[in-house]
Amino acid sequence: LPVDILAMGAKTVGSGGRASQILKELRNLRCIRLIRLFRLFRIARIIKRWQTAMGITYASLSLFKFGFLTVLAIHWLACGWGMLAIAQMDAPVEPGKVPTPTWLSAMKVAKGVPDNECNSPGEIYVLSLYWAVTTLTSIGYGDIVPSRPLAEFVSIAEAVIGQLYIAIFIGGLGALRISGLRRAD
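Residues numbered from 1 in each chain as written. Predicted model: local features only at pLDDT ≥ 70, side-chain atom pairs only at ≥ 80, totals over all residues. Heavy atoms only, no water.

Side note on helix 3 (residues 42-54)
- Taking 1.5 Å as the rise per residue, helix 3 with 13 residues should run 18 Å; its terminal C-alpha atoms sit 18 Å apart, in good agreement.
- The element helix 3 is largely exposed, with a buried count of one among its 13 residues. (Helix = DSSP H or I, 4+ residues; strand = E, 2+ residues; numbered from the N terminus. Expected span 1.5 Å × (residues − 1). Buried < 20%, exposed > 50% of the residue type's maximum accessible area, 1.4 Å probe, protein only.)

Below, the structure is given as structure tokens:
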């Protein structure tokens, strides 16, 4: 159903009482489009078919899913950390006040990087990806550090998630090993 086209047509009719009523009804129809998300549940059936057709073991599939989710989690954490830097760089500064440094500006000062470098979204994403990997794996080199309360909270939350992630990974590997030993018997 081309709800968007109908909504555009209703906007051109006018902003009278009837047109606004039509727009409200079309907005409700847009919500119905969310039902299409249930198609994602078919992916599980497709993966199950591939598993049986190709002879993929449950352990291999579990490791693949865990690896995919790990990469996805690191990407989301890097995007969040990068958004913190970009949002804090664009924040207005009151006249006469010194701006609070962001993690990006603190890293530039600590490493001696000129102000005109590491400002593009791509460069910020690479730095954020580096931070996400080192924090999630609990290595944390300390060259990229939070410098504002919100960034400190995000950093603490990721460190806790990283420890839980490692525990879940080790537990999952142990469970796969035990299930593999049981099948061998």
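Re the packing of aromatic side chains
- For the coordinates displayed, the defined rule picks out four aromatic pairs.
- A centroid spacing of 4.9 Å and a plane angle of 25° characterise the contact between Phe 66 and Phe 169, whose relative ring orientation is stacked. Separated by 103 residues along the polypeptide, Phe 66 in helix 4 (residues 58-89) and Phe 169 in helix 7 (residues 149-184) bring together distant segments of the chain.
- Judged by relative accessible area, which is 21%, Phe 66 ranks as partly exposed.
- Here Trp 81 and Trp 131 contribute two aromatic rings whose centre-to-centre distance is 3.7 Å and whose plane-to-plane angle is 5°, an arrangement assigned as stacked. Of this pair, Trp 81 sits in helix 4 while Trp 131 sits in helix 6 (residues 121-136); the two residues are 50 residues apart in sequence, bridging distant segments of the chain. Like Trp 131, Trp 81 is buried.
- One aromatic cluster is present, built from ring pairs that chain together Phe 66, Tyr 165 and Phe 169. (Phe/Tyr/Trp six-rings, centres within 6.5 Å; stacked < 30°, edge-to-face > 60°.)

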